[in-house]
Amino acid sequence: MPEGVIVGGWSYVIAAYSITAIVLVAYAWSIHRRGRDERGKRGRHE
Amino acid sequence: MNVRRSLAIAGLLLLVVGTYMGLFVAPPERHMGEVQRIMYVHVPSAWNAMLLYTFAFGFAIASLWSGKPEWDDRLVGAVEVAVVLNALLLVQGSIWGRATWGVWWDWDVRLTTSLVMLLLFAGVLTLRRMASAERRAQWSAVATIVAFVDVPLVYYCVRWWRSLHQIQSSPETVDPAMVIPLRLNAIGILLLGVAWLMARAAIEKARRRRDEAPLPSRVIVKETAHA
Amino acid sequence: MSDDRRRRVLGIVIALAVAAAAFTYLAMSSVGENLVYYWSPSELRAEGSGAVGSVVRLGGLVEAGSIRREADGLTLRFAVTDGKASVPVYAQAVPPAMFREGIGVVLEGRMQEDGQFSTQRLMVKHDNQYQAPGENEVPKMEDMVRSLQLEDGD
């Protein structure tokens, strides 16, 4: 095993990418939901 | 709507291709091994958070200068998307730091200024909720301009002061095979971020219109709701 | 110019002035010089006995051929250098996987009476080089010293 090299380490990569994907999807969903709600309210006004 | 959707789709495609290349095509780093792949999400998050904060700074000046409420709509869009990316970059960096530096966190100047940046702009969003409708745009713009002081500090601190975090990489210090997924993801998140900015601005505009709606229409809404 | 517009433009001017003043203060004032994240081996040596006792960070490169792992598996001895001076280190910490000869480290700990630096928090500081495994594996000493940024902030 070479010295000073990280062996393996995929668990860190999976953790970082998973958190990124979850947060981005959650934010996209939140934008979508808020937009839908707002369009619904405006519909009732007009 | 069409522009927004095209931006989002193009951004998503770039992100998918960039992530695939980053995870499966790019080589591991000679010392960091596979862990270096976190770079392909961490660095684009950081770039785009700072870019969107810079947009917000521009919108703040335009908002104060013109007094047009559309600039405030865009401001909240830019700040909100940037805050999400700012939070992400801290978490991604912490995971990368645990693997390479050996610690989740340390109070070095880059980490500290990045955390301060998140707190300052989260503060801008909180301030908006507390401000009255008439004062909201003005307060948000002034708070954004003041909070923006930290953004160039985040960028330059690693050049000016000693830190645990390394200084910026450049195409000369990064293997060419790593540069491509890095750029794809950076542009992907940028396009996606701009699409979200526009969508969030549209929501803010709709809310504002609703709040500004003349009183009679509200009364009618109430009556029809009862009927 | 209407009152409303005058107030808004005044808002820009005040906000920009506050922002510029804060930035200039942080960038130019002694805040920067006092913000020493770590000491170099030369600086710590120059302090002499004055550095003994208080918790400080020491930053430098792991000196070639200096790493000794003791039988208990937890104690590590090595020296940290900046190319001019070197400080012997007594570490009770599991080093990160990237720990090796010649790499940058930041250590939080205390200078002892006997001139050894004792630490339980050992951090690896890597530079901004990201390369595929292959040739030219050995980085130049002067490049590694430069990555310590010892001249900045002056």
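As the structure is a prediction and not an experimental result, all values here were calculated from the model. (Residues numbered from 1 in each chain as written. Chains lettered and ligands numbered in written order. Predicted model: local features only at pLDDT ≥ 70, side-chain atom pairs only at ≥ 80, totals over all residues. Heavy atoms only, no water.)

Requested: an account of the overall build of chain C, with residues and values cited.
When helices and strands are tallied, chain C shows four helices and six strands. Reading the secondary structure of chain C in the N-to-C direction produces α-α-α-β-β-β-β-β-β-α. The burial tally for chain C puts 42% of its 154 residues in the buried class. Within chain C, counting contacts between residues at least 6 apart in sequence, those at least 24 apart form 53% of the total. Total accessible area on chain C is roughly 8,200 Å²; 54% of this is exposed by carbon and sulfur atoms. (Helix = DSSP H or I, 4+ residues; strand = E, 2+ residues; numbered from the N terminus. Buried < 20%, exposed > 50% of the residue type's maximum accessible area, 1.4 Å probe, protein only. Contact = heavy atoms within 4.5 Å. Areas by Shrake-Rupley, 256 points an atom, 1.4 Å probe, with all protein chains shown as cover.)

Quick rundown of the overall build of chain B? Include the residues and the values.
Check the secondary structure of chain B and you find eight helices and zero strands. In sequence order, chain B lays out its α and β elements as α-α-α-α-α-α-α-α. Its C-alpha atoms give chain B principal-axis dimensions of roughly 70 × 35 × 30 Å. With an accessible surface of roughly 9,700 Å², chain B has 69% of that area assigned to carbon and sulfur atoms.

An account of the pairing of strand β1 (residues 55-62) of chain C is needed here, citing residue identities and associated values.
All names here are of chain C. For β1, the tally of buried residues reaches seven of eight residues, placing the bulk of the element in the interior. As defined by bridge partners, β1 adjoins strand β5 (residues 104-111) across seven bridges and the pair is classed as antiparallel. For Arg-57, the partnering residue across the bridge sits in β5 and is Glu-108. Here two bridges tie β1 to strand β3 (residues 75-81), and the two strands are oriented antiparallel to one another. The residue bridging Leu-61 from the neighbouring strand is Thr-81, located in β3. (Pairing = 2+ DSSP bridges.)

Describe in detail the confidence of the model for chain B, supporting the description with residues and values.
With 93% of its residues at a pLDDT of 70 or more, chain B has an overall mean of 92. When pLDDT is averaged over each element of chain B, helix α3 (residues 69-100) of chain B comes out on top at 97 and helix α8 (residues 215-226) of chain B at the bottom at 52. (pLDDT = per-residue confidence, 0-100.)

Break down the domain arrangement of chain C for me, citing the residues and quoting the values.
Split by domain assignment, chain C resolves into domain 1 (3-33) and domain 2 (36-146). Centre-to-centre separation of domain 1 of chain C and domain 2 of chain C, based on C-alpha positions: 41 Å. (Domains from an automatic or database assignment.)

Can you lay out the pattern of salt bridges for me, pointing to particular residues and giving the numbers?
According to the stated counting rule, one finds 16 salt bridges over all chains in the structure shown. Residues Glu38(A) and Arg207(B) are paired through a salt bridge, measuring 3.6 Å at the closest nitrogen-oxygen approach. Remark: Arg207(B) occurs in helix α7 (residues 176-212) and Glu38(A) occurs in helix α1 (residues 10-45); the pair is interchain, linking two chains. The class for Glu38(A) is buried, based on a relative accessible area of 4%. The partner of Glu108(C) in a salt bridge is Arg121(C), and the shortest N-O contact between them spans 3.8 Å. (Salt bridge = Lys/Arg side-chain N within 4 Å of Asp/Glu carboxyl O.)

Describe the interface of chain C and chain A, listing the residues and the values that go with them.
Listed by partner, the interface residues are six residues for chain C and four residues for chain A. Taking both partners together, chain C and chain A bury about 390 Å²; carbon and sulfur atoms supply 54% of that area. Considering only the surface of chain C that becomes buried against chain A, Ala97(C), Met98(C) and Arg100(C) emerge as the three largest contributors, covering 74% of it. At the junction of chain C and chain A, the tally comes to zero salt bridges. Across the contact surface, chain C and chain A share one residue pair in polar contact (both at pLDDT 80 or more). Classifying every residue of the side of chain C that touches chain A by side-chain character gives four nonpolar, no polar and two charged. (Buried area = accessible area lost by both parts, 1.4 Å probe. Polar contact = N/O pair within 3.5 Å; in protein donor to acceptor, adjacent residues only side chain to side chain. Nonpolar A, V, L, I, M, F, W, Y, C, P; charged D, E, K, R; others polar.)

I'd like to hear about the packing of aromatic side chains, residue by residue, with values.
A full pass over the atoms with the stated rule returns 13 aromatic pairs over all chains. Relative to Tyr156(B), the ring of Tyr155(B) has its centre 5.0 Å away and its plane inclined at 80°; by these criteria the two rings are edge-to-face. Overall, Tyr156(B) belongs to the partly exposed group, its relative accessible area being 36%. Judged by centre distance (5.7 Å) and plane angle (65°), the ring pair of Tyr37(C) and Tyr38(C) falls under edge-to-face. Taken together, Tyr155(B), Tyr156(B), Trp160(B) and Trp161(B) form an aromatic cluster joined through their ring pairs. (Phe/Tyr/Trp six-rings, centres within 6.5 Å; stacked < 30°, edge-to-face > 60°.)

Explain the side chain of Glu29(B) residue by residue, including any values.
Residue position: Glu29(B) is located in the loop between α1 (2-25) and α2 (39-66). Buried Glu29(B), no salt bridge; nearest opposite-charge side chain is Arg30(B), N-O distance 4.1 Å. In this structure the side chain of Glu29(B) is engaged in a polar contact, spanning 2.9 Å, whose partner is the backbone nitrogen of Met32(B). Apart from the residues lying within four places of it in its own chain, the contact partners of Glu29(B) are Gln36(B), Met178(B), Gln129(C), Tyr130(C), Gln131(C) and Pro133(C). (Lys, Arg positive; Asp, Glu negative; His and termini not counted.)

Give a detailed account of the interface of chain C and chain B, specifying residues and quantitative values.
Contacts between the two partners involve 48 residues from chain C and, on the opposite side, 50 residues from chain B. Inspection of the chain C/chain B interface yields three salt bridges. Close ionic contact of Glu43(C) with Arg162(B) constitutes a salt bridge, the shortest N to O distance being 2.8 Å. When residues of the side of chain C that touches chain B are traced back to their parent elements, those giving at least two are α1 (3-28), β5 and β6 (117-125) of chain C. The element best represented in the side of chain C that touches chain B is α1(C), accounting for 14 residues.

Pulling in residues and values, what's your account of the packing of α1(B) against α7(B)?
Residue and element names in this part refer to chain B. Across the interface, α1 lies against α7 with an axial gap of 7 Å and an inter-helix angle of 150°. Viewed along their axes, α1 and α7 adopt a mutual orientation that is roughly antiparallel. Viewed along their axes, α1 and α7 form a crossing whose handedness is left-handed. Tallied by class, the residues present in the contact of α1 with α7 amount to 21 nonpolar, six polar and one charged. (Axes fitted to C-alpha atoms, helices over the stretch in contact; angles between N-to-C directions. Parallel < 35°, antiparallel > 145°, perpendicular 65-115°, else oblique. Left-handed = near helix turned anticlockwise from the far one by under 90°.)

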